[in-house]
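If you want the building blocks of each chain, they are given just below.
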Amino acid sequence: MPQVQPKLRKFFDYLKVRQRLVLCGFALLAIVNAYSIRLCLDFSLSRIARDCNELVAVQLENTPRTWRKAPSANSDKAHGRYAANKVLTAINAFAAKFHPTANSPYAARNAREPKINRRARAGPKEKPARPTRQPRTTRQSRRMAKNAPTPSYPRQKSGMACEPQVYQHSGRKPESITVTNSADIWTKEVQVLITISFYVGYMITHIPGGRLAERYGGKWILGASILSSGILTLLTPTIVRRGGPKSVMLLRMVIGLFEGPTFPAVSAMLAQWVPEKERGRLCSSVLSAGEIGIIFMHLVSGFTIDEQDWAVAFYVVGSGAILWFMGFVVVCYSKPDDSPYIQSSEREYIKSQVCETLETEPGDANEVVPWSNMLLNAPIWALIASNMQHDWNQQEFAKELEQMLLDLEAKGKSYWNELETSVRLMAPHLYSWLASLTSGSFSDYLISEGILNRTQTRRLMSWLVFISVTMYFIHDKESSARPWSILAFGAYYAGIKLLPLDMSPNFAGTLMGITNGLGALPGLVLPVLEKLEEEYAIIGSIRATLWFICAGYISGEVQSYNQLESSANRS
């Protein structure tokens with residue numbers, strides 16, 4: 001690191017690169033990585049289920065030579081395994097053709113006794129045994145049957161794996177065959193549980209991540225968040241193949257735990273680096289980077305369809321996260337004073353243009369978060385409700401791209417054949433990001449020229465969101481309604497999404513953790529919300545009304561709880 005810094009300093013000085021732009025660029029890529037990691041498994045679940053189904057089909061073809069182990073009677077309850085009844089019936093019926101005496105009460109004993117004894121008991125071939133006569137048993141044969149060893153098989157680990165254990169046929173009667181992984185395991189219900197398990201962990205670490213970023217700097221909190229999520233993404237294919245749905249659910253929850261601090265840490269760093277006059281343009285472009293992440297994940301998943309290997313997408317996304325981390329830790333720092341690459345003129349400019357109440361110097365490490373003042377603040381709850389609405393819409397639009405890939409794969413077509421359709425579906429996400437840049441720059445212009453103050457500007461954007469959402473629901477989500485959604489997203493990022501930075505620069509990470517963490521709640525109940533929206537048309541009117549209420553309560557002014565207060569002073 002000491003050898004690299006002088007060279008990078010000369011490079012940045014030669015190009016006259018502004019370090020605040022470099023940090024915003026890496027923050028943008030961090031959010032792109034976060035969305036790609038989040039959506040990677042969502043876009044691949046159907047392909048995983050299909051591959052498991054093909055695996056079962058291959059096993060059906062090889063049933064005369066390979067048999068599965070039979071679990072104990074209570075194994076389903078003891079280990080939480082699923083039973084693929086339809087597949088079992090087909091396999092056992094096929095096995096009965098080769099072992100017609102499989103259900104006979106003498107099959108187990110016949111398998112252990114010598115062949116000559118069976119012939120002697122059956123009698124001559126021309127004189128078959130009477131059907132009503134029971135074979136005579138001796139004391140010795142009963143003792144042999146009682147002391148005969150029970151065939152043992154290696155115990156399968158709990159969880160459903162894409163490559164279940166099989167045992168070679170040795171000529172004896174096969175046990176009841178249990179398929180531990182198939183399309184009956186990766187059902188739609190299981191896929192939904194895997195998807196929402198991410199949000200369980202994601203919501204938990206928002207507030208702790210924001211608080212850690214404020215106290216110790218956002219650099220290492222953000223870096224560790226993306227790096228850990230990237231490594232787990234690389235391990236996902238292995239866990240899917242060896243662990244099954246339960247292990248994948250746990251993995252997704254852990255990824256959510258690591259990814260939760262992303263937005264709070266980014267907000268804490270932006271509060272230190274971005275001047276107030278540039279907040280609309282720079283911060284909106286960073287916080288709206290999730291739209292680019294959705295586009296990137298769709299492209300990666302689309303181009304890997306031809307590879308016939310869904311794991312490629314995980315390797316691409318995970319490797320990208322690790323490469324981002326390597327560049328981020330070398331170039332970026334939590335505060336301008338910590339950066340060895342920033343010029344003194346830019347450092348002084350940032351200090352003079354950030355919020356006057358922002359604590360830029362190392363202060364008391366024991367400052368107390370005014371939780372009660374925050375939670376009783378009406379603009380915060382308006383912000384939470386707005387974030388819920390946004391996340392709901394964003395997940396619905398992402399599912400359109402996912403469904404397009406499923407239809408493409410079902411038709412057996414290449415991604416290149418439907419590239420025009422794909423571009424048409426991706427365009428709104430790109431336009432939403434560009435709209436956030438435009439509306440953010442317009443907001444900065446209104447504030448710097450004194451046309452509107454900060455609160456009026458943010459409310460203007462919120463009213464624009466309300467009008468756009470209302471028009472979107474009036475057109476009943478038809479193709480003509482999509483431009484309204486683009487306008488709504490652009491105004492949202494330039495208005496409502498910036499409020500944590502406006503309301504409390506000192507606690508921007510904590511405030512983003514509260515609002516964005518609770519705003520992710522629709523991810524947990526999205527299937528229920530979608531069903532309600534389909535059955536009851538009034539849901540759209542309720543959502544538009546919530547936007548109207550939120551627009552009237554938000555505030556862009558610095559709140560009273562922004563003032564730092566140490567624990568010593570409070571006591």
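The shown structure was predicted, so the numbers you read here are calculated from the model rather than taken from an experiment. (Residues numbered from 1 in each chain as written. Predicted model: local features only at pLDDT ≥ 70, side-chain atom pairs only at ≥ 80, totals over all residues. Heavy atoms only, no water.)

Undergrad: Honestly, the overall build of the protein in this entry has me stumped. Any pointers?
TA: In terms of helices and strands, the protein carries 27 helices and 2 strands. When the 571 residues of the protein are sorted by exposure, 50% land in the buried category. Sequence separation of at least 24 residues holds for 85% of the intrachain contacts in the protein that already meet a minimum separation of 6. Of the roughly 28,000 Å² that the protein leaves accessible, carbon and sulfur atoms contribute 59%. (Helix = DSSP H or I, 4+ residues; strand = E, 2+ residues; numbered from the N terminus. Buried < 20%, exposed > 50% of the residue type's maximum accessible area, 1.4 Å probe, protein only. Contact = heavy atoms within 4.5 Å. Areas by Shrake-Rupley, 256 points an atom, 1.4 Å probe, with all protein chains shown as cover.)

Undergrad: Would you take a moment to explain the pattern of salt bridges for this structure?
TA: For side chains of opposite charge, pairing can occur when their charged atoms come near one another. Here the structure, examined in full by the defined rule, presents 12 salt bridges. Two residues, Asp502 and Arg279, come together in a salt bridge whose shortest N-O distance is 2.6 Å. Residue Asp502 is found in helix H23 (residues 499–503), and its partner Arg279 is found in helix H14 (residues 279–287); the two are separated by 223 residues along the sequence. Residue classification places Asp502 among the buried positions, given a relative accessible area of 2%. The shortest N-O distance in the salt bridge between Asp502 and Arg458 comes to 2.6 Å. (Salt bridge = Lys/Arg side-chain N within 4 Å of Asp/Glu carboxyl O.)

Undergrad: Is there a simple way to think about the side chain of Ser439 in this case?
TA: Looking at where Ser439 falls in the secondary structure, it is placed in helix H20 (residues 419–448). Reaching out from Ser439, the side chain makes a polar contact with the backbone oxygen of Gly490 at a distance of 2.8 Å. Among residues more than four places away in sequence, those in contact with Ser439 are Met461, Gly490, Ala491 and Ala494. (Polar contact = N/O pair within 3.5 Å; in protein donor to acceptor, adjacent residues only side chain to side chain.)

Undergrad: Could you clarify how one ought to interpret a nonpolar patch on the surface in this entry?
TA: Nonpolar side chains collect at one region of the surface, where Trp463, Val525, Val528, Leu532, Tyr536, Ile538, Ile542, Leu546, Phe548, Ile549 and Tyr553 lie side by side and expose about 1,000 Å² of accessible area between them. Sorting the residues of the nonpolar patch by element identifies helix H25 (526–535) and helix H26 (538–553) as the ones contributing at least two each. The leading source of residues in the nonpolar patch is H26, at 6 residues. Considering the arrangement of structural elements, one finds Leu546 in helix H26. (Patch = residues over 30% accessible without salt bridge, like charges linked within 9 Å, V, L, I, M, F, W, Y side chains within 5 Å.)

Undergrad: How should the UniProt feature "transmembrane region" (unreviewed entry) in the protein be read in this particular structure?
TA: The UniProt record marks residues 190–208, 220–240, 252–274, 286–305, 311–333, 460–475, 507–529 and 536–554 with the feature "transmembrane region" (unreviewed entry), using the residue numbering of this structure. Here residues 220–240 is 100% helix and 0% strand, with 29 Å between the C-alpha atoms at its ends. In residues 536–554, helix accounts for 84% and strand for 0%; the two terminal C-alpha atoms are 29 Å from one another. (UniProt positions renumbered as here; feature names shortened; annotations may be inferred.)

Undergrad: I would appreciate a short explanation of H26 in the present structure.
TA: Each turn of an α-helix holds 3.6 residues, which means side chains three or four residues apart point in the same direction. For H26, with 16 residues, the first-to-last C-alpha span of 23 Å sits near the 22 Å given by 1.5 Å per residue. Residues of H26 that are buried include every one of Ile539, Gly540, Arg543, Ala544, Trp547, Cys550 and Ala551, and no others. Each buried residue of H26 sits inside an arc of 140° when the element is viewed along its axis, so together they form one side. Buried residues belonging to H26 abut helix H19 (378–411), helix H21 (454–474), helix H22 (482–494) and H25. (Expected span 1.5 Å × (residues − 1). Arc of directions from axis to C-beta.)

Undergrad: Would you mind going over the state of the cysteines with me for this structure?
TA: As used in these notes, a disulfide is a covalent bond between sulfur atoms, one from each of two cysteines. Following the criterion strictly, the structure yields 0 disulfides and no others. The thiol sulfur of Cys332 is not disulfide-bonded, and the nearest other cysteine sulfur, from Cys24, lies at 9.4 Å. (Disulfide = S-S within 2.5 Å.)

Undergrad: Is there a simple way to explain the nonpolar core in this structure?
TA: Looking at soluble globular proteins, one finds that nonpolar side chains tend to be buried together. Of all hydrophobic cores here, the largest spans 88 residues; its most connected members are Trp186, Leu222 and Leu270. With 14 residues, helix H2 (residues 19–40) is the largest single contributor of residues to this core. Ala382, Ile384, Phe489 and Cys550 belong to the second-largest nonpolar core, a separate cluster that totals 29 residues. (Core = buried A, V, L, I, M, F, W, Y, C linked by side-chain atoms within 4.5 Å.)

Undergrad: I tried to follow the environment of Leu323 on my own but got confused; where do I start?
TA: With respect to the secondary-structure elements, Leu323 resides in helix H16 (residues 311–331). Using a relative accessible area of 60% as the deciding quantity, one classes Leu323 as exposed. Distance in space between the C-alpha atoms of Leu323 and Gly230 is 9.7 Å, their sequence separation being 93 residues.

Undergrad: How should I be thinking about the packing of aromatic side chains in this particular structure?
TA: Aromatic rings considered in pairs are described by the distance between their centres and by the relative angle of their planes. Applying the stated criterion to the full structure yields 17 aromatic pairs. The interplanar angle of 75° and the centroid separation of 6.5 Å between the aromatic rings of Tyr35 and Phe263 together place this pair among those described as edge-to-face. Placement of the pair is Tyr35 in helix H2 and Phe263 in helix H13 (residues 262–273), with a sequence separation of 228 residues. We classify Phe263 as buried; its relative accessible area is 3%. Here the aromatic rings of Phe198 and Tyr202 are separated by 5.3 Å at their centres, their planes lie at 25°, and the arrangement is stacked. Pair noted here: Phe198 and Tyr202 are both in helix H9 (residues 188–204), with a separation of 4 residues, about one helical turn. Using a relative accessible area of 0% as the deciding quantity, one classes Phe198 as buried. A connected cluster of aromatic rings, assembled from ring pairs, spans Phe397, Phe489, Tyr492, Tyr493 and Trp547. (Phe/Tyr/Trp six-rings, centres within 6.5 Å; stacked < 30°, edge-to-face > 60°.)

Undergrad: Teacher, can you tell me more about the environment of Ala271 here?
TA: Examined against the element boundaries, Ala271 turns out to sit in helix H13. Judged by its relative accessible area of 7%, Ala271 is buried. Remark: the alpha-carbon pair of Ala271 and Pro505, spanning 234 residues in sequence, is separated by 5.6 Å. The contact partners of Ala271, leaving out residues within four places of it in the chain, are Val354, Leu358, Leu501, Pro505 and Ala508.

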